[in-house]
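Survey of secondary and tertiary structure
This is what each chain is made of:
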Amino acid sequence: MDETTRVHGSCVALDGTGFLFVGASGSGKSGLALQMMSLGATLVSDDQVLLTRDGDHLVAHAPEAIRGKIEARFLGLLNVDHAPSCRLQYVVDLDQSPEGRLPKSRKFKVLDANLPLIAGKSVPNLAQTLSLLARGAVLP
């Protein structure tokens, strides 16, 4: 493994597919992670995600101090089962709105890797749609 960077975000894995949620504080990153977890995803990290370049792939994992913890707003920190790491396939930006109903593809660049970027702000049924991506649905 080569370089590592820290990203403000949350990360879950579902059926071998890693999702990184980014956005400003209060944009819903932890909430989306909780929704995904209710659909069968496993927490990798909440609030901060360490990304490491491993060949052509990006691997996400949690800083040691916050492993297995996720914020449930207005309830507190929950201790949950978690995955030690996952390979990222998608980045969901909760600050960006899609450009129409059938948006063009976008990319998120980090550590010289390009990942598909999903503009997720105010997208209805986002957690359910992401779970379908993890289970084999394909973006154009």
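Placed above this text is the structure.
Residues numbered from 1 in each chain as written. Predicted model: local features only at pLDDT ≥ 70, side-chain atom pairs only at ≥ 80, totals over all residues. Heavy atoms only, no water.

What follows is about the overall build of the protein chain. A count of helical and extended segments in the protein chain gives two helices and 10 strands. Secondary structure of the protein chain in N-to-C order comes out as β-β-α-β-β-β-β-β-β-β-β-α. Expressed as lengths along the three principal axes of its C-alpha atoms, the size of the protein chain is roughly 40 × 40 × 25 Å. Looking at the protein chain as a whole, 45% of its 140 residues are labelled buried. Partitioning the contacts of the protein chain with sequence separation of at least 6, the portion at a separation of at least 24 is 66%. If you sum the accessible surface of the protein chain, you get close to 7,700 Å²; carbon and sulfur atoms cover 50% of it. (Helix = DSSP H or I, 4+ residues; strand = E, 2+ residues; numbered from the N terminus. Buried < 20%, exposed > 50% of the residue type's maximum accessible area, 1.4 Å probe, protein only. Contact = heavy atoms within 4.5 Å. Areas by Shrake-Rupley, 256 points an atom, 1.4 Å probe, with all protein chains shown as cover.)

This brings us to the pattern of salt bridges. Pairing between side chains becomes possible if they bear opposite charge and their charged atoms approach one another. As enumerated under the stated definition, the model contains two salt bridges in all. Between R135 and D15 there is a salt bridge, and its shortest N-O distance comes to 3.2 Å. Pair noted here: R135 is in the segment after helix 2 (126-134) and D15 is in the loop between strand 1 (4-14) and strand 2 (17-22), with a separation of 120 residues, a long-range link. Classification of D15 as exposed rests on a relative accessible area of 53%. (Salt bridge = Lys/Arg side-chain N within 4 Å of Asp/Glu carboxyl O.)

Let us now look at the packing of aromatic side chains. Enumeration according to the criterion identifies one aromatic pair in this entry. Aromatic pair F19 and Y90: ring centres 5.5 Å apart, planes at 15°, arrangement stacked. With F19 in strand 2 and Y90 in strand 8 (residues 86-93), this residue pair connects regions lying 71 residues apart in the sequence. Side by side, F19 and Y90 carry an identical accessibility label, which is buried. (Phe/Tyr/Trp six-rings, centres within 6.5 Å; stacked < 30°, edge-to-face > 60°.)

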